[in-house]
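Fold and contact review
The residues making up each chain are set out below.
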Amino acid sequence: MSLALLLPAGLAALGALLLPLLLHLARRSEQRPTVFAALRWLRQAPKPRHRLRFDEWPLLLLRLLLLALLALWLARPVLSGGEDGEPYVAVAPGVAPELARRHAAEGARLHWLAPGFPALDHPVAIGGAGIGSLLRQLDSELPSGTALTVVVPQVLQGADAQRPRLARDVHWVVVDGAMPATTAPAPGFAPVLRHDGEQADGLRYLRAAMRAWTPAGATPDIAPLAEPLPASARQLLWLAPTALPAQVQAWVREGGVALLDARTPWPAQAAAMPVWYGDEGGPLVESMAFGRGRLLRFTRPLQPAEVPALAEADFPRRLRALLAESAEPARVAAVDYAPHTGAAPWTQRPRDLQPWLALLIALLVLAERWLATRRARGPAP
Amino acid sequence: MAHALIPADVRSRLKDLRLTARRAIGAQGIGLHHSRSRGAGLEFAQYRAYEPGDELRQIDWKLYARSDRFFVREAERESPLTVWTVLDATASMDQADGAHGSRFDAARGLAACIAELALRQGDRFGLLALHGDGVRLVPPGHGARQCDRMLLALHGLRAHGGFPAPDKLAPVWERIGAGDLAIALSDWFDEAMPALAERLASARREVLAIQLLTTGERDFPFAGGHRFRDPETGEELLGDGAALRNDYLRRFAEAHRALDARLDACGIRHARHYLDQPLDLPLRRLFGARDAAEYA
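Residues numbered from 1 in each chain as written. Chains lettered and ligands numbered in written order. Predicted model: local features only at pLDDT ≥ 70, side-chain atom pairs only at ≥ 80, totals over all residues.

**Topic: the overall build of chain A**
Looking only at helices and strands, chain A features 9 helices and 19 strands. Long-range pairs, those at least 24 residues apart, make up 69% of the contacts in chain A with a sequence separation of at least 6. (Helix = DSSP H or I, 4+ residues; strand = E, 2+ residues; numbered from the N terminus. Contact = placed C-beta atoms within 7 Å.)

**Looking at the overall build of chain B**
In terms of regular secondary structure, chain B is built from 11 helices and 11 strands. A total of 296 residues make up chain B; the buried ones form 40% of that total. Long-range contacts, defined here as pairs at least 24 residues apart, represent 76% of the contacts in chain B between residues at least 6 apart. (Buried ≥ 20, exposed ≤ 12 C-beta atoms within 10 Å, placed from the backbone.)

**Re helix 4 (residues 103–121) of chain B**
All names here are of chain B. Between its terminal C-alpha atoms helix 4 stretches 27 Å, which fits the 27 Å expected from 19 residues at 1.5 Å a residue. The element helix 4 is extensively covered by neighbouring structure, given that 18 of its 19 residues are classed as buried. Positioned one or two residues after helix 4, Gly122 has a phi angle of 80 degrees, which is positive. (Expected span 1.5 Å × (residues − 1).)

**Things to note about the pairing of strand 15 (residues 283–290) of chain A**
All names here are of chain A. Direction of pairing for strand 14 (residues 273–277) relative to strand 15: antiparallel, over a ladder of 4 bridges. In the sheet register, Met273 faces strand 15, and the bridge partner there is Ser287. Taking the residues that link successive antiparallel strands as the turn, the strand 14-strand 15 hairpin has 5 residues, and the phi of Gly281 there is positive, at about 110 degrees. As paired elements, strand 15 and strand 16 (residues 293–298) share 6 bridges and run antiparallel to each other. Along strand 16, the bridge assignment pairs Met288 with Leu295. (Pairing = 2+ DSSP bridges.)

**A word on the packing of helix 4 of chain B against helix 5 (residues 144–156) of chain B**
All names here are of chain B. Put simply, helix 4 and helix 5 touch, their axes get as near as 10 Å, and they point 175 degrees apart. Overall, the two elements helix 4 and helix 5 adopt an arrangement that is roughly antiparallel. Contacts between helix 4 and helix 5 involve Arg108, Ala111, Ala112, Ala115 and Leu119 on the former and, on the latter, Ala144, Cys147, Met150, Leu151 and Leu154. Across the contact of helix 4 with helix 5, the residue classes break down as 9 nonpolar, no polar and 1 charged. (Axes fitted to C-alpha atoms, helices over the stretch in contact; angles between N-to-C directions. Parallel < 35°, antiparallel > 145°, perpendicular 65-115°, else oblique. Nonpolar A, V, L, I, M, F, W, Y, C, P; charged D, E, K, R; others polar.)

**Observations regarding the nonpolar core**
If you look at the biggest cluster of nonpolar residues, it comprises 71 residues, and the most contacted ones within it are Ala111, Ile114, Ala115, Ile183 and Ala184 of chain B. Setting aside residues no more than four positions away along its own chain, Ala184 of chain B makes contact with Val86, Ala197, Val207, Leu208, Ala209 and Ile210 of chain B. Within the second largest apolar cluster, 28 residues are counted, among which are Ala92, Ile131, Leu156 and Met179 of chain A. (Core = buried A, V, L, I, M, F, W, Y, C linked by C-beta atoms within 7 Å.)

**Digging into the sheet that holds strand 10 (residues 236–240) of chain B**
Taken in spatial order, the 3 strands of this open sheet run 2(A)-9(B)-10(B), and their pairing is mixed. This sheet does not close on itself; its edge strands, each paired only once, are strand 2 (33–35) of chain A together with strand 10 of chain B. Across the sheet, the mean angle separating the axes of adjacent strands is 35 degrees when strand polarity is ignored. Bridge count between strand 2 of chain A and strand 9 (residues 225–229) of chain B: 3 bridges; the pairing is parallel. Of the residues in strand 9 of chain B, the one forming a bridge with Pro33 of chain A is Arg227 of chain B.

**Remarks on the sheet that holds strand 4 (residues 88–91) of chain A**
All names here are of chain A. Across the sheet, 4 strands lie side by side as 5-4-6-9; this open sheet has parallel pairing. Looking at which strands have only one partner, the edges of the open sheet turn out to be strand 5 (109–112) and strand 9 (170–174). Between one strand axis and the next, the sheet turns by 20 degrees as a mean value, whatever way the strands run.

**Notes on the environment of Pro345 of chain A**
Residues and elements named next belong to chain A. By the secondary structure assignment, Pro345 is in the loop between strand 18 (340–341) and strand 19 (351–352). Between the C-alpha atom of Pro345 and that of Ser144, which follows or precedes it by 201 residues, the distance is 7.2 Å. Once residues lying within four places of it in the same chain are set aside, the contact partners of Pro345 are Ser144 and Ala167.

**Some remarks on unusual backbone geometry**
Residue and element names in this part refer to chain A. With a phi close to 50 degrees, Phe117 is a non-glycine residue in the positive phi region. Here Phe117 lies in the loop between strand 5 and helix 5 (131–141). The partly exposed category is assigned to Phe117, around which 16 C-beta atoms lie within 10 Å.

**Here's the deal with the pairing of strand 6 (residues 148–152) of chain A**
All names here are of chain A. With 4 of 5 residues buried, strand 6 is to be regarded as a mostly interior element. Relative to strand 6, strand 4 runs parallel, the two sharing 4 bridges. When the sheet's bridge partners are listed, Ala90 is paired in strand 6 with Val150.

**Topic: the confidence of the model for chain B**
Residue and element names in this part refer to chain B. Scored by pLDDT, chain B comes out at a mean of 84, with 87% of its residues at no less than 70. Every residue in residues 25–32 is under pLDDT 50, and counting partners more than four places away or in other chains gives 7 contacts. On the interface metric, ipTM, the complex scores 0.71, and its pTM is 0.49. (pLDDT = per-residue confidence, 0-100.)

**Structural notes on the environment of Ala119 of chain A**
All names here are of chain A. Within the secondary structure, Ala119 is located in the loop between strand 5 and helix 5. Judged by C-beta crowding, with 10 C-beta atoms within 10 Å, Ala119 ranks as exposed. Other than its neighbours up to four places away in sequence, Ala119 contacts Leu110 and His111.

**Quick notes on the confidence of the model for chain A**
On average, residues of chain A score 82 in pLDDT, and 88% of them reach the 70 mark or higher. The lowest-confidence element of chain A is strand 1 (residues 2–5) of chain A, averaging 82 in pLDDT; the highest-confidence one is helix 9 (residues 354–373) of chain A, averaging 92.

This is the structure in structure tokens:
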């Protein structure tokens, strides 16, 4: 446990300690006037003894302490270390709590390996962040000396493609049980085309692509701009020079994907990233995140002279690959997912002492006021 | 008005006190200055029946015409003694002493006591108050009217200023006659006061000195820092009471001894009075029972 100052220059405020010292030295009681006719016998002192004397020691000490604490407060003290090193047991959802308790050492803290890390006594919510992400968060938040035990069922859900690399050795315990599968909605492909007229550039190519995507027997949803989007729509092809209306923008923010024409202005100022390069090397389609959804835009007018890919046979397939969302594999055998070690250890975020100091200072101010204004007190600073 | 200056208990104790003057005894060949002794004089005292041997010119003939009997008109004989109260009324006398009042209050009370005693003895008495503007004089006289004049003057007095310059002290030399009794009431801090007393004493005036001191000057009870100010010179001294105390008390006692020796050297009887003591105590010390018995 060590104390550190984030702003040591704040200690310059310690110079203010001189203030109460001077206040208490300039003794106002020295000025108490006394008429004294026999002054001539008083005056013959060889030299008036001058020594430093402070009035009202308790008040002076209190004021000095108050100012010192204020200076310390300005210097922003933090306390690093000192966290409890009790072993931590993280239990993946799907493991029976009794089973997990059997593997926990005496005095260990038992928590679910779930967002927020609720205690084992509380029910756990399924879903959310992946298990690798949670492990990394736990590794960074725990002090480096704390032993970490992770109890997992045989099959994990929500894993990402890489074995996590942590800073500490993890006691990886695989027990019986199955992690409930996250019921994420399967990403669907339900494109909708909106255009501003039959004569629009490239409408015929996009319409052909829509027909190619649509299963036999169904009609693709191709309509003018004014037509509202159906609730099932997941992808929108917007073929118009006008900007996206507000409700369409809100729909994209909620997770939709919109492909815009080259003439359509971006609704937001953000860096766009090319996602499809033409054969000659230049970007064909740019993409940017927009809320939880995505915005894509052609960089050129949709004419075969500009975009040779329009005329290619695999244009619908490549466009679909661009628009569709694919679910990544997230199921893994727990034995194979045991974390590596060797990552750089995280520095623990030190505890900020400023609020506690502020509380202490407020109490001291009250005490100082009480001392300075109480009734049984002589004339003094 | 006299009641305001003399406390009742002091007044009751004044009865057995008498103002005595050593030199006045037999000075004018009559013997003791029994002020109550009746005889020829200006102030009417009483009528008494004629006795053989009385001078005929002493018979009040008008009264004889009214009552057909002889009465002798007796007058109070003038006292040979004049009692002067020399009252220091400089600013240093105005120093207050807590619940005991100021030094000047005590001095006025003493002056009133002296007037009361002199009135009872039939002596002439007068007042010389020395203050910053010069000398305030109440010419000597006797009788109840003179006592009233004296009390009126005392009530009107305010202590202020320094000791009067020597050229303003002329009334002191002109009025206080040889053989007169002069009682000086002062704090005796200013060098001019003992000098004046010495000169008066060497000029065959009988001088008595009463030094009035406050309890603060005797005990020096000041603790902590104080700004001491001399009321006459306006000088100021910053000092810590506890640190100054011992040296001050030593020097103050030395000053007392020096003053006593100086007064003794010129035959001035003296008494020291602290403000927390009864007012008649200094008079009792000066005119003690032993002296009073001499006059009985």
